[in-house]
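# Descriptive analysis of the structure
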Amino acid sequence: MYAIVEMAGQQFKVAKDQKVYVHRLQTEEGKKVTFDKVLLLEDGGNVTIGAPVIEGAAVEAKVVKHLKGDKVIVFKKKRRKGYRVKNGHRQSLTEIVVEGIVAKGAKKAAPAKAKAEKPAAEAKKAAPAKKEAPKKAAPKKAAVEDLSGKTVAELKEMAKAKGISGISSMKKADLIEALNK
């Protein structure tokens, strides 16, 4: 059994009794910590993916100690300018041991989606009164789409039939615009 969980702003794949180094936590050494942002849970081939998290699932861990990571040297240089800066950094870390993965809410993720779809369906039922006005305007757009499929020669013939002048120098877009007026 493993889980992908968000701890201290980072995502980790964890299993029971695994040691993990995370960014410094504000918890004292020896205390237990629970992380409830479980993104993915695998239990014997059964994979559950959260949307974005799995409700009710959690990872329980114990803070072992606080420490600093290895030193990282940051060296900046600009050639021919006499600019050189050497800096070092040691990240503050917390060592934790995963004591268990609780998956009691893994099956509740699917009904949550169904509940989210029901209000959306109710909103669609209530919305048709507002959408009636745009449907009346839709035939004009359909006429524009019909004209865009025609050739320039056909558009010029239609413009002559309507009595539009100066069509010999018009481009296709201008012809369509003139015909839609």
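First, a word on scope: everything that follows refers to the structure included in this document. (Residues numbered from 1 in each chain as written. Predicted model: local features only at pLDDT ≥ 70, side-chain atom pairs only at ≥ 80, totals over all residues. Heavy atoms only, no water.)

## Structural notes on helix α4 (residues 172-180)
Considered for burial, the residues of α4 that qualify are Leu175, Ile176, Ala178 and Leu179. Along the axis of α4, the buried positions cluster into a sector of 165 degrees, meaning they face one direction only. (Buried < 20%, exposed > 50% of the residue type's maximum accessible area, 1.4 Å probe, protein only. Helix = DSSP H or I, 4+ residues; strand = E, 2+ residues; numbered from the N terminus. Arc of directions from axis to C-beta.)

## Observations concerning the pairing of strand β5 (residues 38-43)
A large share of β5 lies buried, amounting to five of its six residues. The pairing of strand β1 (residues 2-7) with β5 spans four bridges and is classified as antiparallel. The residue of β5 that forms the bridge with Tyr2 is Glu42. In this structure, β5 lies alongside strand β6 (residues 46-49), joined through four bridges in antiparallel fashion. Directly across from Asp43, in β6, lies its bridge partner Asn46. (Pairing = 2+ DSSP bridges.)

## Focus on the pattern of salt bridges
Evaluation of the coordinates by the stated rule reveals two salt bridges. We note a salt bridge from Glu99 to Lys32, for which the minimum N-O separation is 3.6 Å. Taken together, the positions of Glu99 in strand β8 (residues 83-102) and Lys32 in strand β4 (residues 32-35) put the pair 67 residues apart, joining distant regions of the chain. Accessibility expressed as a relative area gives 31% for Glu99, which makes it partly exposed. On the accessibility criterion, Lys32 (64% relative accessible area) is exposed. (Salt bridge = Lys/Arg side-chain N within 4 Å of Asp/Glu carboxyl O.)

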